[in-house]
Amino acid sequence: MIAAIAVFAIVFAAGAVLLENSSDVDGAVSYIKGDTNVVKTSGSLTYQIMFFESEEFETLDLSYTALLKDSSGATKSGTISPSSGVLSNGIESTLTVTAPAAAGKYTLVVTFTEKKNDDEKVETERTQTITVVEPVVLTAVLRNNSNVDFTNFVVYFKVDGKLVDESRSMVSVAAGDTTTVTHEWVSESYSNGRHTFQVVAGDENIGSTQTSFLGGEGTFYVGHSDYGLVNILLGILAVVLIIVVVYLYRKPVKNYGKPKSRR
């Protein structure tokens, strides 16, 4: 008999993941794990999947199928790669999920199939919710107002005062010159209204962490702008004025047609 004792180390190392999305039934453990479940439209995510059979066995056949479903339960074809395959006991395999072009909530469904010894095939299903969002494109023009050229200078975006870690980029700006920095900001929940952003220097820069020589800030709106309500009210007022003008224009003149002596 083959005993997969060495695989226990893998299971224990992934303990934090297993507590969230796993099962441990009759000695079998399976999971889906990834760094994030939020992705921009048409972007991609990477997940690790694993199935581990801890009981002793003479033969073991493991395989999986994976698919992505939208909120209505319809399958989105061509979004998982590879969408099926053979698994090794306790060894992770990688799945790449390509997000649809439409924002919304989707569900990654992985079905593990196990056949141990001469037993019947057993299927185990694991799911993971994925949030697909439209990214907010942040763009800033930076000017080097110093007399020193900056090469491979690390900068980040801040949104509403909070550092966006994944916005890290390196810029090279000659003295007195400008450059443009762009980042597609992806967040699971955008609050409606006005937001501010700015570009700041990274702490990893050698010699300076000051950003005063670099401009780069702006605003963007989610849902509506500061003038949205004003524009709506002005539109309503314009309609009301048109109605009043039409009414006054079409209103008949009192005593129209009578001689002046009888008016």
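Everything in this summary refers to the structure shown in the same document. (Residues numbered from 1 in each chain as written. Predicted model: local features only at pLDDT ≥ 70, side-chain atom pairs only at ≥ 80, totals over all residues. Heavy atoms only, no water.)

Bringing the overall build of the protein chain into the picture now. From N to C terminus, the protein chain includes three helices and 16 strands. Pairs at least 24 apart in sequence give 67% of the contacts found in the protein chain among residues at least 6 apart. If you sum the accessible surface of the protein chain, you get close to 16400 Å²; carbon and sulfur atoms cover 52% of it. (Helix = DSSP H or I, 4+ residues; strand = E, 2+ residues; numbered from the N terminus. Contact = heavy atoms within 4.5 Å. Areas by Shrake-Rupley, 256 points an atom, 1.4 Å probe, with all protein chains shown as cover.)

Its location among the elements puts T41 in the loop between β3 (38–40) and β4 (44–53). Every residue in contact with T41, bar those within four places of it in the chain, is listed here: P100, A101, A102, A103, V132, V133, E134 and P135.

With an omega of -10°, the peptide bond between S81 and P82 qualifies as cis. Its place among the elements puts P82 in the loop between β6 (80–81) and β7 (84–86). Phi at S42 takes a positive value of approximately 65°, unusual for a residue other than glycine. Here N152, not a glycine, exhibits a phi torsion of approximately 50°, which is positive.

On to a negative patch on the surface, then. A cluster of acidic residues, E58, D118, D119 and E120, forms a negative patch on the protein surface. Relative to the helices and strands, E58 resides in the loop between β4 and β5 (60–69). Since its relative accessible area comes to 55%, E58 is described here as exposed. (Patch = residues over 30% accessible without salt bridge, like charges linked within 9 Å, V, L, I, M, F, W, Y side chains within 5 Å. Salt bridge = Lys/Arg side-chain N within 4 Å of Asp/Glu carboxyl O. Lys, Arg positive; Asp, Glu negative; His and termini not counted. Charge placed at Lys NZ, Arg CZ, Asp CG, Glu CD. Buried < 20%, exposed > 50% of the residue type's maximum accessible area, 1.4 Å probe, protein only.)

Taken together, four strands build an open sheet; the order of strands is β13-β12-β15-β16 and the sheet is antiparallel. Each having just a single partner strand, β13 (162–173) and β16 (217–222) make up the two edges of the open sheet. Across the sheet, the mean angle separating the axes of adjacent strands is 25° when strand polarity is ignored. (Pairing = 2+ DSSP bridges. Axes fitted to C-alpha atoms, helices over the stretch in contact; angles between N-to-C directions.)

This paragraph deals with the nonpolar core. A general feature of soluble globular proteins is that nonpolar side chains tend to end up buried together. I49, Y64, V97, L108, V110 and I130 are the most contacted members of the largest nonpolar core, which totals 24 residues. For this core, the leading source of residues is β5, giving five residues. Grouped together as the second largest cluster of nonpolar side chains are 19 residues, F150, V164, W185 and F197 included. (Core = buried A, V, L, I, M, F, W, Y, C linked by side-chain atoms within 4.5 Å.)

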